[in-house]
Amino acid sequence: MILLCMFFLLNTNSLSQDKLLVKSAPIDTSDFENSARHWYYIKDTDKIIEPLEDQKKYSSKDFEKIADNILLYQKHNGGWAKNYDMQAILSSEQESAVIKSKNILNTGFDNSATFSHLNYLAKAYSFSKKEKYKIAFTEGIKFIISAQYDNGGWPQFYPDTSGYRKYITYNDGAMMGVMKLLQRVVNKKSDYSFIDTELYDKIVSSFEKGIECILNTQIKESDSLLVWCQQHNNITLKPEDARAYEPASICNGESAEIVKFLMSLKHPNERIIESVNSAVKWFEESKISGVRIETIDAPHSEYQYRNSDHDKILVEDQNAKPIWARYYSLETHIPIFSNRDGKIVYSFSEVERERRIGYAWYVYDPQEVVDKYPTWLKLINEN
């Protein structure tokens, strides 16, 4: 009898610890930071709700409340709009406005929309086993598959594919965020083990088409492969302009993310290996030495989308680590910049202050690829 009681107490204690673990289980919320920052600090007339001056936030430990917020924002088509804070504790008025907006299909993948929500829901279901998170995740994955072009690419927005929204979009990690989500499913990561066989097979097919699109959109010049543009035509796959200050170009920031993804693939075929080798060669050829970006104080200025008390300048520094321009000309391979009027300029100082401080014109991302490349090359040669 004493042994039975001890067994019961031990198991009861274990169950209590499991419940405590579920209640306090932290899930990374960093994928939401970009959208949250836009909600709080960027002026946008498309916002359904505005943040309150004293907007309270859930702790990362309150994962079910955050997951319930995600369900609240999910549209009827299964996707999400961008630029809201999933940790914000909404007022009743804010919550009502979000519910009323579920038929407004401003859904897509910009600023980590949709794929970040699905990553979170998969983890929330793994911790809680609450069916509502599984259902919402499944609807979101179906939305992603429905938004994919036959050529394997994804637009920036769906179903609204007006203007440049229809282009295959690598800008700000839109398509690559989707691909990395699908990669976790394909690789059968534990948080995604609940997906049934029929849906899993569709995800595998979607993922493989996505890889083909990545390889087919790599910029080719004569017989040489370079890297990628921020956005590519959804039919011809050629580089395209997006916003006025985002010209069709050779784009190093987004390309670095693409190459890291290709290097993460198991058993890469010859075409993937050639793609990576060519991209690393371009990164080596296009790096810039002896300069860095410095942020300085400046008179207060107010712009349409932001206010600022600082500026950025390019300064010479022989000890600076290698840096890359975000854009290089498709024709001449020299760095290019642009203002909101769409006019191309050829030096950072010619960019207007609002765009200098509001956009990443120089990047360090390719360095991570260059650093990882020798180890990756050795690994694939051994296999």
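Let us look at the structure shown here.

## Looking at the packing of helix 10 (residues 270-286) against helix 12 (residues 366-382)
Thinking step 1. Contact geometry of helix 10 with helix 12 gives a least axis separation of 10 Å together with a crossing angle of 140 degrees. Taken together, helix 10 and helix 12 sit at an angle that is classed as oblique. At the point where helix 10 passes helix 12, the crossing takes the left-handed sense. Counting all contacts with helix 10, which are made through I273, V276, N277, V280, F283 and E284, the residues of helix 12 involved are P366, V369, V370, Y373, W376, L377 and I380.
Thinking step 2. Grouping the amino acids of the contact of helix 10 with helix 12 by side-chain chemistry returns eleven nonpolar, one polar and one charged.

## Description of the pattern of salt bridges
Thinking step 1. Applying the stated criterion across every chain, the model contains 23 salt bridges.
Thinking step 2. Residue E254 is joined to R326 by a salt bridge in which the shortest nitrogen-to-oxygen separation is 2.7 Å. Taken together, the positions of E254 in helix 9 (residues 252-263) and R326 in the loop between strand 8 (324-325) and strand 9 (327-328) put the pair 72 residues apart, joining distant regions of the chain. By the burial criterion, E254 is buried, and R326 matches it.

## Some thoughts on the packing of aromatic side chains
Thinking step 1. Under the defined criterion, the tally for this structure stands at 22 aromatic pairs.
Thinking step 2. Taking 6.3 Å as the distance between ring centres and 55 degrees as the angle between the ring planes, the aromatic pair formed by W39 and Y84 counts as tilted. Highlighted residues: W39 in helix 2 (residues 33-41) and Y84 in the loop between helix 3 (63-73) and helix 4 (92-100), separated in sequence by 45 residues. Both residues of the pair, W39 and Y84, count as buried.
Thinking step 3. Among the aromatic side chains, those forming a connected cluster through ring pairs are Y245, Y327, F337, F348, Y359, W361 and Y362.

## Some thoughts on the layout of surface pockets
Once rolled over the atoms, a probe with the size of a water molecule shows which space is left empty.
Thinking step 1. Taken as a whole, the second largest pocket encloses approximately 280 Å³ of empty space.
Thinking step 2. Around the second largest pocket sit 16 residues that line it, and N216, Q218, I219, K220 and L225 are the ones nearest its centre.
Thinking step 3. Mapped onto the lining of the second largest pocket, the elements with two or more residues apiece are helix 8 (197-217) and helix 10.

## Points about helix 10
The periodicity of an α-helix, 3.6 residues per turn, causes residues three or four positions apart to be oriented the same way.
Thinking step 1. For helix 10, which comprises 17 residues, the first-to-last C-alpha distance of 24 Å matches the rise-based estimate of 24 Å (1.5 Å per residue) to within 8%.
Thinking step 2. Within the sequence span of helix 10, burial applies to I272, I273, S275, V276, S278, A279, V280, W282, F283 and S286.
Thinking step 3. The N-cap of helix 10, judged by a side-chain oxygen 3.1 Å from the amide nitrogen of R271 a few residues on, is N269.

## A few points about the side chain of S329
Thinking step 1. Topologically, S329 is positioned in the loop between strand 9 and strand 10 (337-338).
Thinking step 2. Among the polar contacts made by the side chain of S329, one reaches the main-chain amide nitrogen of E331 at a distance of 3.1 Å.
Thinking step 3. Contact partners of S329, with chain neighbours within four places excluded, come to I250, I334 and I336.

## Thoughts on unusual backbone geometry
Thinking step 1. Of note, the bond from Y158 into P159 is cis; its omega dihedral lies within 30 degrees of zero at 10 degrees.
Thinking step 2. With respect to the helices, strands and loops of the structure, P159 is situated in the loop between helix 6 (131-147) and strand 1 (168-169).
Thinking step 3. Although it is not a glycine, K129 adopts a positive phi angle of roughly 60 degrees.
Thinking step 4. Its place among the elements puts K129 in the loop between helix 5 (115-128) and helix 6.
Thinking step 5. Here S222, not a glycine, exhibits a phi torsion of approximately 55 degrees, which is positive.
Thinking step 6. Classification of S222 as exposed rests on a relative accessible area of 70%.

## Notes on empty space enclosed by the protein
Thinking step 1. Here the structure, examined in full by the defined rule, presents three cavities of 30 Å³ or more.
Thinking step 2. In this structure, the largest cavity encloses a volume near 80 Å³.
Thinking step 3. Taken together, I48, L72, Y73, K75, A81, Y84, V98, S101, K102 and N106 make up the full set of residues lining the largest cavity.
Thinking step 4. Partitioned by chemical class, the residues of the lining of the largest cavity number six nonpolar, two polar and two charged.
Thinking step 5. Taken as a whole, the second largest cavity holds about 40 Å³ of empty space.
Thinking step 6. Taken together, the residues that form the lining of the second largest cavity break down as five nonpolar, five polar and one charged.

## Considerations on the environment of F207
Thinking step 1. Structurally, the position occupied by F207 is in helix 8.
Thinking step 2. On the basis of relative accessible area, F207 is assigned to the buried category, the value being 8%.
Thinking step 3. Beyond its immediate stretch of four places on either side in the chain, F207 contacts M179, L182, Q183, V186, F261 and L265.

Cut-offs and rules
Residues numbered from 1 in each chain as written. Predicted model: local features only at pLDDT ≥ 70, side-chain atom pairs only at ≥ 80, totals over all residues. Heavy atoms only, no water. Axes fitted to C-alpha atoms, helices over the stretch in contact; angles between N-to-C directions. Helix = DSSP H or I, 4+ residues; strand = E, 2+ residues; numbered from the N terminus. Parallel < 35°, antiparallel > 145°, perpendicular 65-115°, else oblique. Left-handed = near helix turned anticlockwise from the far one by under 90°. Contact = heavy atoms within 4.5 Å. Nonpolar A, V, L, I, M, F, W, Y, C, P; charged D, E, K, R; others polar. Salt bridge = Lys/Arg side-chain N within 4 Å of Asp/Glu carboxyl O. Buried < 20%, exposed > 50% of the residue type's maximum accessible area, 1.4 Å probe, protein only. Phe/Tyr/Trp six-rings, centres within 6.5 Å; stacked < 30°, edge-to-face > 60°. 1 Å grid on protein atoms, 1.4 Å probe; cavity = no way out; pocket = protein on both sides within 12 Å on 5 of 7 lines; lining within 4 Å. Points joined across faces, edges and corners; volume = space filled by probe spheres on them. Expected span 1.5 Å × (residues − 1). Polar contact = N/O pair within 3.5 Å; in protein donor to acceptor, adjacent residues only side chain to side chain.

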